[in-house]
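Each chain is listed here by its residues.
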Amino acid sequence: MAIEDNPISRVRYGEELGRRREAAGLTQEELSQRVVMSRTHIAHIEAGRRRPDVEDARRLDQVLGTDGFFERFLPTLDGKKVAEHFKGALEFEGQATEIRVYAPKLAPGILQTPAYALEVLSSGASPKSPEERDELLTTRLERGRILDNFQSPKVWALLDEAVLRRPIGGPAVMCEQLRHIAILGESHRIRVHVLPFSVGYHALLEGFVSLMWFEDLPPVAYTEGLKSGRIWELSSVVRECQVAYDHALGDALSHRQSLALIRAVAEDFEHEAERAQRP
């Protein structure tokens, strides 16, 4: 039986973990070694700042002998429909004060327009019912609402040129999507940098990465591949991801140059859409 994920439920969940750990005579460090999690992660769960995933909860139950308690009462994401591997990242995204994302193929989720997002969610090898697709779309568009607050989080979007050129949904959809990103960049709500094809190989070419900073927590990195994603909390790994991002950023076009390119490509898509409508 899951419970709704909110600050109160996470605090109570963490308090219960602390009680069960102490009853077992274990320190946070000792528990972390037995369940193969970092001590910092254990501390954040006990403080109600983070939500364990299902596998974390199962290992806690196994080590502490709690007969499935931590899995049964694992806080859920308040009905939000997302891929299983993205659930932890979604929670972090909502708490972050700064987000730096690199997108190799698709516009980042928080920047997607409804038409673009619908095309992405309607595609793929696994068919989705209209209801499931609509739930996913609602969650994705809600993610973009974090940009309604002009102050936080600060967002940097590092886009491979492939994001601009791949015609997701056709020229009209792409024109709208690119102009949406340009408007956000021109209003100084986000910073945008494009990595042009001419750069060739760069430090982040292998896949998607999102770096997140917080008010009172250490930074994390989230990396994603096909049907998979992982949150990295180990400081040395997070730092490696940050350095790779900085190196790739050094190869990118400036914010102003990137906006000009995005506008130019959007205009090309607009002309293509107009030609397609002619008899």
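Here the structure is a predicted model, which is why all the values come from computation and not from measurement.

Now for the overall build of the protein chain. The number of helices and strands found in the protein chain is 12 helices and 8 strands. In terms of overall dimensions, the protein chain is globule-like: its C-alpha atoms have a radius of gyration of 21 Å, near the 19 Å expected for 279 residues. Across the protein chain, the fraction of contacts at a sequence separation of at least 24, relative to all contacts at a separation of at least 6, is 73%. Summing over all exposed atoms, the protein chain offers an accessible surface of approximately 14,500 Å²; the carbon and sulfur share of this is 51%.

In this structure, L111, L159, L164, L178, M212 and I262 are the most contacted members of the largest nonpolar core, which totals 40 residues. At 7 residues, helix α10 (residues 171-186) tops the list of elements feeding residues into this core. L111 has contacts with L147, A157, Q177, H180, I181, L184 and I190, leaving out every residue within four places of it along the chain. By size, the runner-up hydrophobic cluster in this structure holds 15 residues, among which are L211, C241, Y245 and L249.

What follows deals with the packing of aromatic side chains. Summed over all chains, the structure comprises 4 aromatic pairs. Through a chain of ring-to-ring contacts, three or more aromatic side chains come together here, namely Y13, F69 and F70. One Lys or Arg, R20, reaches over the ring of F69 and ends 4.5 Å from the middle of that ring. Its end group placed over the ring of W232, R230 keeps NZ or CZ at 3.8 Å from the ring centre.

The next point concerns the sheet that holds strand β3 (residues 98-103). Taken together, the 6 strands give an open sheet; going across it, the order is β5-β4-β3-β6-β7-β8, and neighbouring strands pair in mixed fashion. With one partner strand each, in any of the chains shown, β5 (190-195) and β8 (228-232) form the two edges of the open sheet. Recorded for the sheet is a direction-independent mean angle of 10° between the axes of neighbouring strands. One ladder, built from 5 bridges, connects strand β6 (residues 208-213) with strand β7 (residues 220-225); its direction is antiparallel. Paired with F208 across the two strands is E224, which belongs to β7. Across the sheet, α10 lies against β4 (154-160) and β5, angled at about 125° from β5, the strand it touches most.

Before going further, it helps to examine unusual backbone geometry. At the junction of S152 and P153, the peptide bond is cis and its omega measures out at 0° in the coordinates. With respect to the helices and strands, the residue P153 is situated in the loop between α8 (130-143) and β4. Backbone geometry places D67, a non-glycine residue, at a positive phi of 55°.

Remark: 6 residues form the turn of the hairpin made by β6 and β7, two consecutive strands paired antiparallel. With 5 bridges joining them, β7 and β8 adopt antiparallel strand pairing. The residue bridging G225 from the neighbouring strand is S228, located in β8.

When helix α7 (residues 114-122) is considered as a whole, its buried residues turn out to be Y116, A117, V120 and L121. Seen along its axis, α7 keeps its buried residues to an arc of 125°; they face one direction. Against the buried residues of α7 lie α8 and α10.

This part covers the side chain of Q112. With respect to the helices, strands and loops of the structure, Q112 is situated in the loop between β3 and α7. A polar side-chain atom of Q112 sits 2.8 Å from the main-chain carbonyl oxygen of A107. Each residue touching Q112, except ones within four places of it in the same chain, is listed here: A107, A117, R140, L141 and Q177.

On to the packing of α10 against helix α12 (residues 255-277). Relative orientation and spacing of two packed helices are given, respectively, by the angle between their axes and the distance between those axes. Interaxial distance between α10 and α12 falls to 8 Å at its minimum, and their mutual angle equals 155°. Compared by their axis directions, α10 and α12 come out roughly antiparallel. Crossing handedness for the pair α10 and α12: left-handed. Together, P171, A172, M174, C175, L178, R179, I181, A182, I183, G185 and E186 of α10 and H255, L259, I262, R263, V265, A266, E267, F269, E270, E272 and A273 of α12 make up the contact between the two elements. When grouped by side-chain class, the residues that make up the contact of α10 with α12 number 14 nonpolar, 2 polar and 6 charged.

With that out of the way, let us pick up α10. With 16 residues, α10 extends 22 Å from end C-alpha to end C-alpha; this agrees with the ideal 22 Å at 1.5 Å per step. The complete set of buried residues in α10 reads V173, M174, C175, Q177, L178, I181, A182, L184 and G185. Looking at the packing, one finds that the buried side of α10 touches α7, β4, α9 (161-165), β5 and α12. At the C-terminal side of α10, H188 shows a positive phi close to 65°.

Criteria and thresholds
Residues numbered from 1 in each chain as written. Predicted model: local features only at pLDDT ≥ 70, side-chain atom pairs only at ≥ 80, totals over all residues. Heavy atoms only, no water. Helix = DSSP H or I, 4+ residues; strand = E, 2+ residues; numbered from the N terminus. Rg over C-alpha atoms; globule rule 2.2 N^0.38 Å. Contact = heavy atoms within 4.5 Å. Areas by Shrake-Rupley, 256 points an atom, 1.4 Å probe, with all protein chains shown as cover. Core = buried A, V, L, I, M, F, W, Y, C linked by side-chain atoms within 4.5 Å. Buried < 20%, exposed > 50% of the residue type's maximum accessible area, 1.4 Å probe, protein only. Phe/Tyr/Trp six-rings, centres within 6.5 Å; stacked < 30°, edge-to-face > 60°. Lys NZ or Arg CZ within 6 Å of the ring centre and 35° of its normal. Pairing = 2+ DSSP bridges. Axes fitted to C-alpha atoms, helices over the stretch in contact; angles between N-to-C directions. Arc of directions from axis to C-beta. Polar contact = N/O pair within 3.5 Å; in protein donor to acceptor, adjacent residues only side chain to side chain. Parallel < 35°, antiparallel > 145°, perpendicular 65-115°, else oblique. Left-handed = near helix turned anticlockwise from the far one by under 90°. Nonpolar A, V, L, I, M, F, W, Y, C, P; charged D, E, K, R; others polar. Expected span 1.5 Å × (residues − 1).

Spatial relationships are all this shows, so hold off on functional conclusions.
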